[in-house]
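Single-letter residue listing:
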Amino acid sequence: ERIYVTGTPVVDVLELDKAEEYAVEGRRKLDIEEKTIAVLYLGDISGAHKQLGYTTDERINEMTFELTLEALKKLATEDQNRKLVLLLRPHPRDPNKEELLEMVERFQEGLPSNFSVIPATDYSQMGMQETRYASDVVLSIVSTENFLTAIRNRPAIFLGYDNTGLGKVVLEQIYGKEHLGVISNYPNLSVASSPD
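Note that the structure is predicted; figures quoted are calculated from it, not measured.

Draft legend 1. Broad picture of the overall build of the protein chain. A count of helical and extended segments in the protein chain gives 8 helices and 6 strands. Computed over the C-alpha atoms, the radius of gyration of the protein chain is 17 Å, within 12% of the 16 Å expected from 2.2 N^0.38 for a compact globule of 196 residues. Projected onto its principal axes, the C-alpha coordinates of the protein chain cover approximately 65 × 40 × 30 Å. For the protein chain, the proportion of its 196 residues judged to be buried stands at 43%. Computed over 21 positive and 32 negative side-chain charges, the separation of the two mean positions in the protein chain equals 2 Å.

Structure (structure tokens):
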């Protein structure tokens, strides 16, 4: 009689009962057609890994984003019948977020007609709920959002990129190799071993 159930704040904030409403509104605001596959890249803070004692490249976020852009461009080029949009949501505290946005600007030229990149950065107009629910899949190096995406019954991919010395190093240091294997086998969660 002294225990009061208050909910689970991390999960309650997902507002699963409003998923469809957020998805429709988010896609409307971002002008994404219904059949277009929306991929959300959640940015990281490159320097934070070193501060936490993890050993990885000092530009992990920027390099991972560039590799991801190239991989999605290749996918869209190989399958012209599939429409893709990459939503970029830099970490709000990322001191290098302007570099990511500049990368998007440079990258726009030469994109196949079935692929576009949209900065989902107007935090005052586009809340995280609308952004996450407008997405069909979430990509990040190590964001907690990947686990929350799986709860929302959508796929999420940790960007490990083994052969680059980027995300895999951080993921193994944070979760350990054994837990990383468990994560890889969890429904709707994957660890990408390469941009391909």
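Draft legend 2. Highlighting the environment of glutamate 130. On the secondary structure map, glutamate 130 appears in helix H6 (residues 128–134). Note: C-alpha distance between glutamate 130 and isoleucine 157 (27 residues apart in sequence) is 19 Å. For glutamate 130, the residues in contact, after removing those within four places along its chain, are Tyr22, Glu25, Gly26, Lys29 and Gln125. A distance of 3.2 Å separates a polar side-chain atom of glutamate 130 from the backbone nitrogen of glycine 127.

Draft legend 3. View of the environment of asparagine 61. Mapping asparagine 61 onto the fold places it in helix H4 (residues 60–78). Separated by 16 residues in sequence, asparagine 61 and isoleucine 45 have C-alpha atoms that sit 6.5 Å apart. Polar contacts involving the side chain of asparagine 61 include one to the main-chain amide nitrogen of aspartate 44, which spans 3.1 Å.

Criteria and cut-off values
Residues numbered from 1 in each chain as written. Predicted model: local features only at pLDDT ≥ 70, side-chain atom pairs only at ≥ 80, totals over all residues. Heavy atoms only, no water. Helix = DSSP H or I, 4+ residues; strand = E, 2+ residues; numbered from the N terminus. Rg over C-alpha atoms; globule rule 2.2 N^0.38 Å. Buried < 20%, exposed > 50% of the residue type's maximum accessible area, 1.4 Å probe, protein only. Lys, Arg positive; Asp, Glu negative; His and termini not counted. Charge placed at Lys NZ, Arg CZ, Asp CG, Glu CD. Contact = heavy atoms within 4.5 Å. Polar contact = N/O pair within 3.5 Å; in protein donor to acceptor, adjacent residues only side chain to side chain.

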